Structures are given as structure tokens and as C-alpha cells.
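Coordinates in review
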Amino acid sequence: MNWDRNVRVLIIGGGAIGTSLAYHLGRDGGRDVLLVEKAQLTHGCTWHAAGLVGQLRGKKNLTRLMQNSVAVFDRLEAETGQHISWKKVGSLRLASSAPRWSEIQRSMGQAKSFGVECQSLSATEAKKLFPYITTDGIEGAAYIPGDGYIDPYSLTMAYAKGARANGVKIEEGVCVEEIVLEGRRAVGVVTNRGNIACDILVNCAGLWAKRVGNMAGVALAAGIVEHQYFLTEKTLSFDANLTTLRDPDKNFYLKPDTGSFAIGGWEEGSRGFHRGLPPFEFGRELFAPNMERLERFALPASERLPVLNETGIQTVINGPIPVSADGEPIMGLAPELDNFYVACGFTAGIAASGGAGLAMANMILHGDAGMDLWPFDVRRFSEVHAQPRYLETRAIEAYAAYYKVHWPHEEIHAGRNLRLSPLHETLKRAGAVFGSRAGWERPNWFAPASVKPVDIPSFEDKPNWFSHVGEECRAIRERAVLIDQTSFAKFEITGAGTEAALQRIAANDLSGPPGKAVYTQLCNEKGGIEADVILAHVGPDHIYLITGSGFGVRDSGWVAKHLPASVQIREVTNVLAVINICGPRARDILQSVTDTDVSNAAFPFLTARHIDVGHATVLAVRIGYVGELGYELYIPQEFGAHVYEALWAAGVTNGMANAGYRAIDSCRMEKGYLYWSGDISPDYNPYEAGLGFCVALNKGDFIGRKALEKIKADGVSRKLCSFTSDGFAPFHSGETILLDGKVVGSTTSVGYGHTFGKTIAFGYLPTNVADQKDFIIEAFGKNYKATRGARCIYDAEMKRLKA
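Here goes a summary of the coordinates provided. All of these numbers come straight from a predicted model, not from anything done at the bench. (Residues numbered from 1 in each chain as written. Predicted model: local features only at pLDDT ≥ 70, side-chain atom pairs only at ≥ 80, totals over all residues. Heavy atoms only, no water.)

On to the nonpolar core. Within the largest apolar cluster, 50 residues are counted, with the highest numbers of intra-cluster contacts made by Ile11, Leu21, Val202 and Leu373. Among the elements of the structure, strand 1 (5-12), helix 1 (16-27), strand 2 (33-37), helix 2 (60-80), helix 5 (152-165), strand 11 (194-203), strand 18 (340-344) and helix 8 (349-366) are those that each provide at least two residues to this core. At nine residues, helix 8 tops the list of elements feeding residues into this core. Excluding anything up to four places from it in sequence, Leu21 contacts Ile11, Val202, Cys204, Gly357, Met360, Ala361 and Ile364. Membership of the second largest hydrophobic core comes to 40 residues, among which are Ile179, Cys198, Ile224 and Phe282. (Core = buried A, V, L, I, M, F, W, Y, C linked by side-chain atoms within 4.5 Å. Buried < 20%, exposed > 50% of the residue type's maximum accessible area, 1.4 Å probe, protein only. Helix = DSSP H or I, 4+ residues; strand = E, 2+ residues; numbered from the N terminus. Contact = heavy atoms within 4.5 Å.)

Structure follows, in C-alpha cells:
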């Protein structure tokens, strides 16, 4: 390829996200940065965005992203001299139903731990802030003073002006037609204006992000749907500082405009657009209004705002907006390539632009976003999510769910029954209530014959599955159960040097002969936990990596980029079914269907060995996540049903039961076992999390060893602690932890321990208070006494697990 020019960083896309990244790269000293836009800046979907800015989200780091955006908006106009029409007038969120008020109260509790100023208001107080509303049916309201609205076009132009002032080049009318690859690198692009070589390529192409991704061989779960809002006639007169308004139960948002209101919603029945692959020729265009869909939020809005019955609609905007497979943005380094970053799928791209640009610039220049962005991470999706028809179905559902009540343990409904284990129909007949992870159907709990197999969740009360999960937990603790864990992400690693390579990647010690499993963290150079996995060493230079259903792309990618050329990693998730048989009677049941001696002496804890079960050969790994004697059986898919039937027949006289993932979660909380992305992540190191026993500093060099040595020597500033509250408490994670009335932390994982009749919570505390015993956990405006105690409250001596 003959290159016409070379740049260090090439950004594709000139919307709010792309220009924000360009601005932050230039501001942080990035040099030789070029942004190309196929038409003109803002001409994708930025130009028709409403421009609302809301900071509070359900996760701490996502809230930080929005907080960072507001910090950028606060300074950008003075810094660049470009007017951005940033109106920091606050936001008012109404609860027009009891469940919504519970949801908002939960959010306000999280706001306290996140450091977001948030005020709880009555209906009367809300009306004082926004006089046009009726108070009928309002249970309460939340007011966030730091929110507001901004002009998307002016904001983008300010980003561009700031970027240019710091040496970034921005070129319009440059359309990328091809991405040139060499091995695992995107080395440049072919455009209508010449060929451009680059060291780093960033896809900020908005509506065209999926198409640009395809050029690079990167499948993105970035969909597009139609979104409508309307502007009323300019007949209204109100204070210039009137706050923004959201009434999600009425399914609308409102932004004050000059003499009018801009009102939009997230209605059912929106339409996808080109299955996420619009042609490049599509430009600064809108769709014809769909008045039937508009009524789905306009009529409820008029119930809350009677003034709408006295004024007409001046304009309807119906335009395309990005929506990913789960409704959240897509950010980070694509796992398929070593230098191809993505920042796309932003449904709230204006509000997120400042924080997103900062995080992406940090990734590119410093190798670290500055916060864990796993809920936004491109690696949370696989090719399954990016399949165009599946993606469109999921994106339409995610769009319509934007203002729905988001219940605890909520499951998706679109695109279900895509990936099925060989046990699916058997478990369905047994009353399984399924959830979905990575496209897999997996049992969450089992409904008895007299109970309808559906989830009925609750914020403040016990959900309908509570007692049934309790029975499953009792079966785990007292008898034996079978759990379908086929959805585990599984990878086979082979080739000369496999053992040495993984010894360098893992923090724990893998040395010794095959036939064992090792629980380990995979750390980065700073000691942060990139992955939490099982490595099953089954033969010379032959190891299986086993991880959570949703972490396969991320974890395998981390391993793959650190492997030498002689070692290969191959996904076998679809090849192997997994059945976990666990409980105090598990050994007797398994022994009755195998000729292999599975006694403790012959098959001790952490053994990994092939055995015959019934008429099939399986890999048996003596390990588990519930704290009981157990064996995970990795079975060729075609034999999965046979192995289940053999075990079930043998277990009938031993009180065998089925169990699901909600029972696993309860039992793992009692055992003090952690969950990656909740309790541990790159933000935390093993010593903070109480996982120092998995760090083998004396085994030789490994990734993160130097940092972990220093952390251990210096000591940690925070510790993951365990708390119990007597009886049932409505904790869902993210609750504020208080000591003497002061915020000292927030919960990371929570669950009910059916064995003890206590609610259990994990959360990090500063070390100077981590030895205190009596705390308060705040939930839904109420205080619950919480006692800090031992991490493991069940079988702390591991006698049952190693029996």
C-alpha cells in the first residue's frame, strides 16, 4: 500500500464523541492526531439530539463518567471561547407509581455514596420547581441540581475548536472506504481523499460504527432505532432557569426551549434502521413523523402537563439514534486487533461525551481509562450479540426499556432461546425459570408444579422466588443438586510452552504435574484484577480456562495477547456441556455411576481428571462456587443429556434436586466467594480483596508481580469486608455504608443467606475503619444495622468443601 500521509492517531467520525476524544487527546499532549468526518461535523445524529444531561446512573463509575462530562461542560466555554449554551438548571425526576418511587429512592441512596448531590422532594415541593405539573399520583421526586441541558451543535463545535487549538487536525468530507489490516493491526485507511497510515485507529463513527467495524473484521453490537421528540408551539412563558423534567412512568422527558417545551419519550414499537448498517450516503436526514408512536408518550405527557392541551405541536423530530444490544455505550480496545479502539453505541451521547472522550484519551495515551468501565466495555459482547437480526431485536427492546422500571434481577425478553444447553427441555419440564447470559438460556430457579414459572421481582419485599431458592439452598447444604452450568465460557490452551506462558500470566502457581485445577486472578502491571478464572491443567501443555458466561471475550483476549506464537487458544464453550453435582451426598451419587475412585484420598479437592460417567467420558473437576463437596463435569455436548439422566436416576434415593444460579449466588455469599465486575475488577488488587492467598510472589516473574510486591509491602488503604444484617433486608448492591453517620463505602455484592437467615453484603472500607464492627447500611431511605464480621460465615475451615 502506498500511503499519502501518516498520523499517530486517526479518529473516524465527527460527532460529539469523536470531537470530544480529539479535544481530550490534544489537551493531554497527544500529537499527530487527525479526525476525519465523511460529511460535516454533527451530521450523523448529534445535530438532532435533544441535549439533556443527567449524571446519576446505576453504577458508580458510570456516574463518574457523567460527572466528568459536567466538569468538562463547566469549563469548556471559558477555555475555548465557543458558546455552548450549557444550562445547569438541574433535573427533576418524578415517581408516578410506588415501584418507581422505590427505584428512585434506591438511586438516591446510590447518589449519596457516589458523591452526587440529590434531593428527595414531595409532590408539592416538585411542583414548586416545575409549576406546570399536576401532582396527581406523584409518590415523590428526586432533584439533582448539577444536571441540565446543552446545545449539541455548539458543544461539538467547542470540542473541535479546543482540539484544533491543541494541534489536532480535523478534515470534513473525508469518507473511509477501506481499512487496511496487517496481522492484528489496522495500519491505515483508504479514503476518497487519499490513503492515510496510522498507529492507532479509533471508531467514533456513530450511526456507521458497525459498518466501520466490519471493515476491520470487528463485529460490533451497535444498533440503530428511530427516536422521536417534538417541540411545542412557542406560546409558553417561564423562568429561564426552569429545570428539566422526567416522568418515566408517563414515559417522557422535557427540556425547556425558547417559549416552548421539547418533549420526547422511549415508546414501544420503535423501528430499527438498516439493522445497524446504514449506507454511507445517508446524511443529515430525518424520517417522517410516526404520530401513532408519538401518542404513546405525548398523551401521558399531557396528563402530567395539562398546558399541553392548550398549545400545539410545532415540529416533530424523528431521527436515528444508536442503541447497543443492551442499551449501554460500547467503548475500549476491540479484542480482535491491537490498535483499533471503539467509542460508539451512545444513546445518551451528548451527556456522556465529555467523560467518554476523557476516558478514551486516557486509554489511548496512558493505557488506562482512569476507571473500570466494564459495563460499557466492547468485550462484554460477542459475535452473537452483533448478528444483525438479533441485534435489532435487542436494540428495539433496550430502547423501549429506557424509562421502564428496572427491577432487581431483571432479565431481557428479546432474542431469547438462542443458545440452548442439551438439558434445556428437561429442565424446562422440571419448572426451570431461565435467565439469559451471552445468549445462553440458563436456569435461575425452579418453580414447583403449583407455582407459575415466572419472575415477580420486588424492590423492598421478597421476590416470588425467595422461598423456592431457599429450598434449593437447603438441598445444596443437606443433600445434593445438579446445576446446569453449560453457559460457562471455556477455552482450550495448547502448544509448546503453554504451562510456562500461563505461569507468567496467572498470579497463582501452576507448577507441578497435570491433573489439577488452580483458582487464580490474572492481573495487570498495576496489580489490578483483569480476570478471575479456573485453570484446569489436564495434560502436558494442555490447559482449560474456565470463566463466567459474560466474560469469555474479555478473559480469552487478555490471555491471547500475552501468549507466545507457539501457544494457541481455542474456544470450546459450544463443545462442552457442564453439570455441577454438589452437596454432601454428591460423592456417593457420582461414585454409583463411575468406575473411577472418587474418594477424597483418590480424588482430592482441586483434582482435574477424565473419568467415565455412565456411558460417557467427561472431565471432572473437584471444585465449586457454593462451598460444598462438588464436581464440575465437562461433557461433550452430545452426551450431556445422558450424563444428567444417569446422575438423576442415581440421585433419586438421595433426595437429589435441581438448583439454579440464584441458589449459587446465595451460597457463594455465605462462603465469602467473590464475583468479578462486582467485588473485584481492574480497580482492585488481590490484597485489598482478601485474595492474597492466590498470589504466588515466590514463583518467579508474572504480570503484575512487581506492583503486587510493593502493595503487599506497603499495605492497602482499603479492604473488602463482609456484613450481615439479621433477617431480610432489601439490598441490591450500591447501597451506602455508614459509620457514625458518615459515608465510608458502598456495597458491591449482596444476597440472602438462607442457611443463616441473614442478609449478607460485601463492600470496601478504608483500612482505618475496617476493624470496626457496627455499621449502618442505608436502603430506600431506611437504616439497617449491619455487623462486620468474617468474610466466610459458612464452613470457614473448609471441612465440607474438602471432605
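Read on, since the account is not over.
Turning to helix 10 (residues 388-400), a few remarks are in order. Between the first and last C-alpha of helix 10 there are 18 Å, a value that for 13 residues agrees with the 18 Å anticipated at 1.5 Å per step. For helix 10, the set of buried residues is Tyr390, Leu391, Glu392, Arg394, Ala395, Ala398, Tyr399 and Ala400. Buried residues belonging to helix 10 abut helix 6 (209-215), strand 12 (222-232), strand 16 (313-324) and helix 9 (383-386). (Expected span 1.5 Å × (residues − 1).)

A few words now on the pairing of strand 2. In terms of burial, strand 2 is largely enclosed, as five of its five residues are buried. Both faces of strand 2 are covered, namely the face carrying Val33, Leu35 and Glu37 and the face carrying Leu34 and Val36. Both strand 1 and strand 2 contribute to a ladder of four bridges, which runs parallel. When the sheet's bridge partners are listed, Val9 is paired in strand 2 with Val33. Taking the sense of rotation as the criterion, the β-α-β connection linking strand 1, helix 1 and strand 2 turns out right-handed. Bridge count for strand 2 against strand 8 (residues 169-172) is four bridges, and the pairing is parallel. (Pairing = 2+ DSSP bridges. Right-handed = clockwise from strand over helix to strand, strands pointing away.)

A few words on unusual backbone geometry. At His274, a residue that is not glycine, the phi angle is positive and equals roughly 55°. Despite not being glycine, Ala438 shows a phi value in the positive range, around 55°. If you trace the backbone, Ala438 turns up in the loop between strand 19 (432-437) and strand 20 (440-446). On the accessibility criterion, Ala438 (18% relative accessible area) is buried.

For the structure shown, the criterion picks out 36 salt bridges. Between Glu103 and Arg100 there is a salt bridge, with its nearest N and O atoms 2.9 Å apart. Here Glu103 pairs with Arg100, and both are found in helix 3 (residues 98-114), just three residues apart, close to one helical turn. With respect to class, Glu103 is no different from Arg100; both count as buried. Where Glu292 meets Arg296, a salt bridge forms, and the shortest distance between an N and an O atom there is 3.4 Å. Taken as a pair, Glu292 and Arg296 lie in helix 7 (residues 291-304) at a separation of four residues, close to a single helical turn. Among the residues examined, Glu292 registers a relative accessible area of 56% and is labelled exposed. You can call Arg296 partly exposed: its relative accessible area is 35%. Because the salt bridges share partners, they merge into one network encompassing Glu226, Glu267, Arg271 and Arg293. (Salt bridge = Lys/Arg side-chain N within 4 Å of Asp/Glu carboxyl O.)

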